[in-house]
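Residue-level structural notes
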Amino acid sequence: MRVKEALQSPIGTEMQVSGWVRTRRDVGRISFAELNDGSCLRNLQVVIEEGVVSEEDLSKIGTGACISVRGTLVESPAPGQPVELKAHTISILGPADPAAYPLSKKRHSFEYLREIAHLRVRSNTFGAMFRIRNTLAYAVHRFFQERGFIYVHSPIITTSDCEGAGAMFGVTTLDLMNLPRTPSGAVDFSQDFFGKPAYLTVSGQLEAEVFALAFTNVYTFGPTFRAENSNTPRHLAEFWMIEPEMAFCDLDGNRKLAEEFLRYLMAAVLDECREDLELFNKWIDDSVLSTLEHVLNSPFEHITYTDAIRLLQESGQNFEYPPHWGADIQTEHERYLTETLFKRPVVVTDYPKQIKAFYMRLNDDGKTVRAMDVLVPRIGEIIGGSQREERYDVLLQRIREQGLDESNYWWYLDLRRYGSAPHSGFGLGFERLMMFVTGMKNIRDVIPFPRTPGNAEF
RNA sequence: UCCCCGGUAGCUCAGUCGGCAGAGCGGGUGGCUGUUAACCACCAAGUCGCAGGUUCGAGUCCUGCCCGGGGAGCCA
């Protein structure tokens, strides 16, 4: 029986529960062991009376040990917990030397826990973290499945840097100590596994567009990779991204889906992870619960980029980077808009074309594109999306304008040549969502095994 | 990649002017008939990040490197 189930069982239930000991306290001739199996935040208090195990075995039931307990669920005579497990027999599945076990019963810094990522999952915070992550991941699928979206497995390995979203990791089977060369001295990739240079994907968007123009509504949810040398609390070399793509959908429909999506996720996590969220609200950031409820209940503000710049200029705020039309909206601007001015999530649309990607649909003014960013308190941009350029001629011109090689985009252009349709989509960084939901300050602490420059341990 | 801060016991940190290596927590031992991050007493525990340099003497000053954190750029 799992700990979660045991805690809800009627008094007198005979049960066997297995898990890991968080701490043991000896008082007189009785020992108390806190047992956790990851099923919930709370531990099951196991009461070990004298004679149940030998002295030698009791010494093995320390912090970190794995045990299986057979016993009776009884009402607890002491305050602190309504029920406890009175042990009849205990088998020690895996002892842990308390002197050497790296996780103590007291608090550790996140920096230290990161170095023991194989054990930090046994702590309260990371237990709660990864139950929330699981709930959110499942809610993502549920949201789209309930609306008839098709889940697309976009490729991990790609041979084209189509989006130009940043440095890519190369994928090769060539012998790096003995690279084949062309007569001109360049690496001869025709001898490589794919016959040309290959990379890990930076985005599934372009492939999602392919599927949207056949299945109407689709989404991807998978890992993406960036080889940028970014050393910040907001970047990972490997992270998970959710990218819905909808045919017959304009920017307004895109915006509405993004709002509905975020609200759905907030509702799911508030509904299913209350106890775990309360841990983050208590120890990490006391605005976690109120912010989630706020996002769930308040309508999102909607303004254009041009209005946003004007509001920022009229704000009287002393920004480090003075806002002006044509420049990107800085983090400090985003936070002013969403935390100070509107005090709720803000959707900013219609950005200048120079600061956005080539595939975003050009507006009739010829200066702005149908882009949208969803800004939320504390994090800033959490979603970026756009209506896509569906007109062949305009798209081709935009590719050329940005100095891109149009031959790389032949299949993407084909989508506009054969049965093109208005379509839109957006991308949500899953770990950024996790940071928003949990209040965690470092993205390395919301993914099981973070990959960053110089670090791919575990 | 650039700028700033840090690295001392298993963990979190103090270490004054260059002069004997410290505390709390954790761990061990003993005590306690119901504990709740238990409590009380005692005990053990150090390549002061690494490599050089200055000095009678370096945890402390200088140089280089490695690692961690924050900020910036890039972005999700």
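What counts and how
Numbers given to residues run from 1 along each chain, matching the order in which its sequence is written. As they are written, the chains are lettered A onward and the ligands numbered 1 onward, keeping that order. Reporting of local features is limited, given that this is a predicted model, to residues whose pLDDT is at least 70; pairs of side-chain atoms are given and counted only at 80 or more, and all residues count toward the totals for whole chains, interfaces and linings. Excluded from the side-chain calculations are hydrogens and water; all other atoms, namely the structure's heavy atoms, are used. Each reported salt bridge corresponds to a side-chain nitrogen of Lys or Arg within 4 Å of a carboxyl oxygen of Asp or Glu. Here the term buried applies to any residue with accessible area under 20% of the maximum for its type, exposed to any over 50%, and partly exposed to those in between, with areas from a 1.4 Å probe on protein chains only. Whether a residue is near a molecule or strand is decided by its heavy atoms; if any one of them lies within 4 Å of it, the residue is near. Nitrogen and oxygen atoms within 3.5 Å of one another constitute a polar contact, given that in protein one can donate a hydrogen and the other can accept it, and given that sequence-neighbouring residues count only through two side-chain atoms. In DSSP terms, a helix is any run of H or I states spanning at least four residues, a strand is any run of E spanning at least two, and both are numbered starting from the N terminus. Helix axes use the C-alpha atoms of the stretch in contact, all axes being lines fitted to C-alpha atoms, and the angles between their N-to-C directions lie in the range 0 to 180 degrees. For classification purposes, angles smaller than 35 degrees are called roughly parallel, those larger than 145 roughly antiparallel, those between 65 and 115 roughly perpendicular, and all remaining angles oblique. In this analysis, two residues are considered to be in contact whenever any of their non-hydrogen atoms come within 4.5 Å of each other. Each residue gets one of three labels, nonpolar for Ala, Val, Leu, Ile, Met, Phe, Trp, Tyr, Cys and Pro, charged for Asp, Glu, Lys and Arg, and polar for the others, Gly among them. At least two DSSP bridges between two strands are needed for those strands to be called paired. Like charges within 9 Å and nonpolar side chains (Val, Leu, Ile, Met, Phe, Trp, Tyr) within 5 Å are joined into patches, using only residues over 30% in relative accessible area that form no salt bridge. Note on areas: Shrake-Rupley, 1.4 Å probe, and residue coverage restricted to the protein chains presented here.

This paragraph deals with the pattern of salt bridges. Applying the stated criterion across every chain yields a total of 38 salt bridges. The salt bridge involving Asp26 is made with Arg24; its shortest N-O contact spans 2.8 Å. A relative accessible area of 46% means that Asp26 is categorised as partly exposed. Sharing partners across several salt bridges, the network here consists of Asp252, Arg255, Lys256, Glu259 and Arg263.

Our next topic: the protein's contact with RNA strand B. Near RNA strand B there are 44 residues, and of these Pro79, Glu84, Arg114, Thr232 and Arg432 occur at the shortest range. Of all atoms in RNA strand B that approach within 4 Å of the protein, 47% are sugar or phosphate atoms. Interatomic distance of 2.7 Å between a side-chain N/O atom of Arg25 and a base oxygen of RNA strand B. Residue Gln81 places a side-chain N or O atom 2.9 Å away from a base oxygen belonging to RNA strand B. Only strand 1 (14-27), strand 2 (30-36), helix 3 (110-115) and strand 11 (238-247) provide two or more residues apiece to the surface near RNA strand B.

What follows deals with the environment of Asn178. Positionally, Asn178 belongs in the loop between strand 8 (170-171) and strand 9 (198-200). C-alpha of Asn178 to C-alpha of Ala139: the two residues are 39 residues apart in sequence and 48 Å apart in space.

Let us now look at the packing of helix 12 (residues 392-401) against helix 13 (residues 410-417). The axes of two packed helices give the description: the angle between them and the distance between them. Contact geometry for helix 12 and helix 13: axes closest at 9 Å, N-to-C directions at 155°. On the basis of their axis angle, the class for helix 12 and helix 13 is roughly antiparallel. Across from Tyr392, Leu395, Leu396 and Ile399 in helix 12, the residues of helix 13 making contact are Tyr412, Leu413, Arg416 and Arg417. Each residue belonging to the contact of helix 12 with helix 13 can be placed in one class, and the counts come to six nonpolar, no polar and two charged.

Attention shifts here to the sheet that holds strand 8. The three strands are arranged 7-9-8 in an open sheet whose pairing can be described as antiparallel. Lying at the two open borders of the sheet, with one neighbouring strand each, are strand 7 (157-158) and strand 8. In the sheet, strand 7 pairs with strand 9 via two bridges, with the strands oriented antiparallel. Across the sheet, the residue bridging to Ile157 is Leu200, located in strand 9.

Moving on to the sheet that holds strand 3 (residues 44-48). Working definition: the strands of a sheet are paired by backbone hydrogen bonds and lie parallel or antiparallel to each other. Here we have five strands rolled up into a closed barrel, ordered 1-2-3-5-4, and mixed in their pairing. Neighbour to neighbour, the strand axes of the sheet diverge by 55° on average, direction disregarded. As judged from the five bridges shared by strand 2 and strand 3, these two strands associate in the antiparallel manner. Pairing of Ser31 across the sheet is with Ile48, part of strand 3.

Turning to a nonpolar patch on the surface, a few remarks are in order. A surface patch of nonpolar side chains, about 310 Å² in accessible area, is lined by Ile150, Val210, Phe211 and Phe215. The element contributing the most residues to the nonpolar patch is helix 6 (residues 205-215), with three residues. Within the element layout of this structure, Ile150 appears in strand 6 (residues 150-151).

All quantities given are derived from atomic positions and should not be read as evidence of function.
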